[in-house]
Amino acid sequence: MSVKTKIKTISWSLLGLCCVVLLVAAMKAKDSKACSNIEISIDGATKNIFIKKADVVQVLSNSGINAGKALDDIDLKAAETALEKNAWTKDAELFFDNHQTLHVKITEREPVARVFTANGSSFYIDSAGMRLPVNANAMARLIVFTSFPSDKKILSKPDSLVLDDVKQIALHISADSFMNAQTAQINITSQRTYEIVPVVGGQVIRIGNAENIDEKLARLMAFYKQVFSKVGFEKYSVIDVQYKDQVVAVRKGEDYTVPSDTARALWQLKQSDIKLSKALTDTTYTAPISKPVKVDAPAAIPASKVAERKPVAKKPVVKANKKTEKKTNSNNSSKKQQERKPKAVMKKKG
């Protein structure tokens, strides 16, 4: 290696060492400085804000973070964990800029529906289906679901599927400005299907489960445009859009008809079961069973008397042929005529 090459190598090594020293010094100088300011931004929720800046400041203060605090005494990771304990916080990110300003960025969860359980308690759900607690300091005007089957923190698989259906239905309805304004509440039936109660009309809109919910809402909108625009909202008691390519509307005062063949068969089977159960429990289908009459057995006849009895000889029955029968009838008629003829009286001569 030449002298010139050695000089270059030493020079670059010294330059790198100087850079490392300066960087460490800068870092130490920065750490020795204090937090100059705290800036808080809350994103994610556009309509309903459940996290307030005052709440964030309180969490930071409990973590020992405030303006004037030395930077090397601030644990940003611990502060993020503390902020994310709030169920409404989807994500929390903290960092310092070159002016020692602490930036706190909060991403809030956006609720899409409020759910009331069968026992009367309630909670919110967000677009990810996560359950969120009700905040007494903030209320949201959202789609309301009633009769959710469980209050448990850990849901069973069927109840989890219901909650997923609730999320899907809420997202589709809230995306439509007309349906969002028209929907007063959605009832969860015992069969885990869904019925919309509209703001205007007073009818029940049956949508079945959450499968193909976009197609069902499209059929409902088509019905609104084609029928309700002509006859009004008050003519029908039931609108059923749960069957493919069909809308069944029942006028008030009329019976509900099940549309599809499969559905009709299931409905008729259910009615048959109801009638059979009623027949088995209804007293009009039963009759009292009469008690058996006790009949005394005839007394036994002694063997001696049985031996004494003689069989009675039967007269032979002679069958008359037609000729004999005619002759007999003619003889009988002649005898009757002779009996009817008066006898002649002979006078004696004097």
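Residues numbered from 1 in each chain as written. Predicted model: local features only at pLDDT ≥ 70, side-chain atom pairs only at ≥ 80, totals over all residues. Heavy atoms only, no water.

For the chain, the count of helices and strands is 9 helices and 12 strands. Counting only residues that meet the buried cut, the chain has 27% of its 350 residues in that class. Contacts in the chain between residues far apart in sequence, at least 24 positions, make up 50% of those at least 6 positions apart. Counting every atom, the chain has about 25,300 Å² of accessible surface; 56% of that belongs to carbon and sulfur. (Helix = DSSP H or I, 4+ residues; strand = E, 2+ residues; numbered from the N terminus. Buried < 20%, exposed > 50% of the residue type's maximum accessible area, 1.4 Å probe, protein only. Contact = heavy atoms within 4.5 Å. Areas by Shrake-Rupley, 256 points an atom, 1.4 Å probe, with all protein chains shown as cover.)

Further remarks concern the confidence of the model for the chain. Summarising the model, the chain shows a mean pLDDT of 76, and 66% of its residues fall at 70 or more. Low pLDDT, under 50, characterises residues 260-269; the predicted model gives this stretch 7 contacts beyond four residues in sequence or across chains. Under a pLDDT of 50 for its full length, residues 282-312 has, in the predicted model, 3 contacts with residues more than four places off or in other chains. (pLDDT = per-residue confidence, 0-100.)

A few words now on the sheet that holds strand S7 (residues 143-148). Two pairing modes exist for strands in a sheet, parallel and antiparallel, and in both the strands are linked by backbone hydrogen bonds. Taken in spatial order, the 9 strands of this open sheet run S6-S5-S4-S7-S8-S9-S10-S11-S12, and their pairing is mixed. At either margin of the open sheet sits one strand with a lone partner, and together these are strand S6 (131-132) and strand S12 (248-251). Bridging between strand S8 (residues 183-188) and strand S9 (residues 194-198) involves 5 bridges; their strand directions are antiparallel. Along S9, the bridge assignment pairs Asn-187 with Glu-195. Sitting on the sheet, helix H4 (residues 157-174) touches strand S4 (111-117), strand S5 (122-126), S6, S7, S8, S9 and strand S10 (204-208), and the angle it makes with S7 is about 160°. In the packing of helix H6 (residues 213-231) onto the sheet, contacts are made with S10, strand S11 (236-240) and S12, and the angle to S11 comes to roughly 150°. (Pairing = 2+ DSSP bridges. Axes fitted to C-alpha atoms, helices over the stretch in contact; angles between N-to-C directions.)

One open sheet accounts for 3 strands, arranged S1-S3-S2; its pairing is mixed. Across the chains shown, the open sheet's two edge strands, defined by having one partner strand only, are strand S1 (37-43) and strand S2 (89-96). Neighbour-to-neighbour, the strand axes of this sheet turn through a mean angle of 15°, independent of strand direction. Sheet topology note: the S1/strand S3 (residues 101-108) ladder contains 7 bridges and is parallel. Pairing of Ile-42 across the sheet is with Ile-106, part of S3. Along the sheet, helix H2 (residues 53-62) makes contact with S1, S2 and S3, crossing S1 at roughly 130°. Contacting S2 and S3, helix H3 (residues 76-84) crosses the sheet at an angle of about 160° to S2.

Within the span of H3, buried status applies to Ala-79, Glu-80 and Leu-83. Down the axis of H3, the buried set is contained in an arc of 100°. They therefore lie on one face. In this structure, the buried residues of H3 make contact with H2, S2 and S3. Residue Asp-75 occupies the N-cap position of H3, its side-chain oxygen lying 3.3 Å from the main-chain nitrogen of Lys-77. (Arc of directions from axis to C-beta. Polar contact = N/O pair within 3.5 Å; in protein donor to acceptor, adjacent residues only side chain to side chain.)

Of note in this structure, Gln-100 is not a glycine but carries a positive phi near 60°. By the element assignment, Gln-100 lies in the loop between S2 and S3. Positive phi, normally seen in glycine, also occurs at Asp-245, with a value near 60°. Assignment of secondary structure puts Asp-245 in the loop between S11 and S12. In this structure Asp-245 comes out as exposed when scored by relative accessible area, which is 64%.

Before going further, it helps to examine the packing of H2 against H3. Where H2 contacts H3, the two axes come as close as 10 Å, and the packing angle between them is 135°. It follows from the interaxial angle that H2 and H3 lie oblique. At the point where H2 passes H3, the crossing takes the right-handed sense. Across the interface between the two elements, Val-56, Val-59 and Leu-60 of H2 pack against Ala-79, Ala-82 and Leu-83 of H3. (Parallel < 35°, antiparallel > 145°, perpendicular 65-115°, else oblique. Left-handed = near helix turned anticlockwise from the far one by under 90°.)

To continue, consider the pattern of salt bridges. Tallied over the full model, the rule gives 4 salt bridges. The partner of Arg-109 in a salt bridge is Asp-126, and the shortest N-O contact between them spans 3.1 Å. Here the residue Arg-109 occupies a position in the loop between S3 and S4, and Asp-126 occupies one in strand S5, the gap between them amounting to 17 residues. We classify Arg-109 as buried; its relative accessible area is 15%. (Salt bridge = Lys/Arg side-chain N within 4 Å of Asp/Glu carboxyl O.)

Time to look at the packing of aromatic side chains. The relative placement of two aromatic rings is captured by the distance of their centres and the angle of their planes. Enumeration according to the criterion identifies 6 aromatic pairs in this entry. Ring geometry for Phe-50 and Trp-88: centres 3.9 Å apart, planes at 5°, overall stacked. Of this pair, Phe-50 sits in the loop between S1 and H2 while Trp-88 sits in the loop between H3 and S2, placing them 38 residues apart in sequence. A residue is classified by how much of its surface remains accessible, and Phe-50, at 4% relative accessible area, is buried. Each ring, one from Phe-178 and one from Tyr-224, has its centre 5.6 Å from the other, and the planes form 75°; the classification is edge-to-face. Of the two residues, Phe-178 sits in helix H5 (residues 177-182) while Tyr-224 sits in helix H6, which places them 46 residues apart along the sequence. The class for Phe-178 is partly exposed, based on a relative accessible area of 35%. Looking at Tyr-224, the relative accessible area reads 5%, which means it is buried. Of the aromatic side chains, those joined through ring pairs into one cluster are Phe-50, Trp-88 and Tyr-124. Across from the ring centre of Phe-123, 5.8 Å away, lies the NZ or CZ of Arg-131, which sits over that ring. (Phe/Tyr/Trp six-rings, centres within 6.5 Å; stacked < 30°, edge-to-face > 60°. Lys NZ or Arg CZ within 6 Å of the ring centre and 35° of its normal.)

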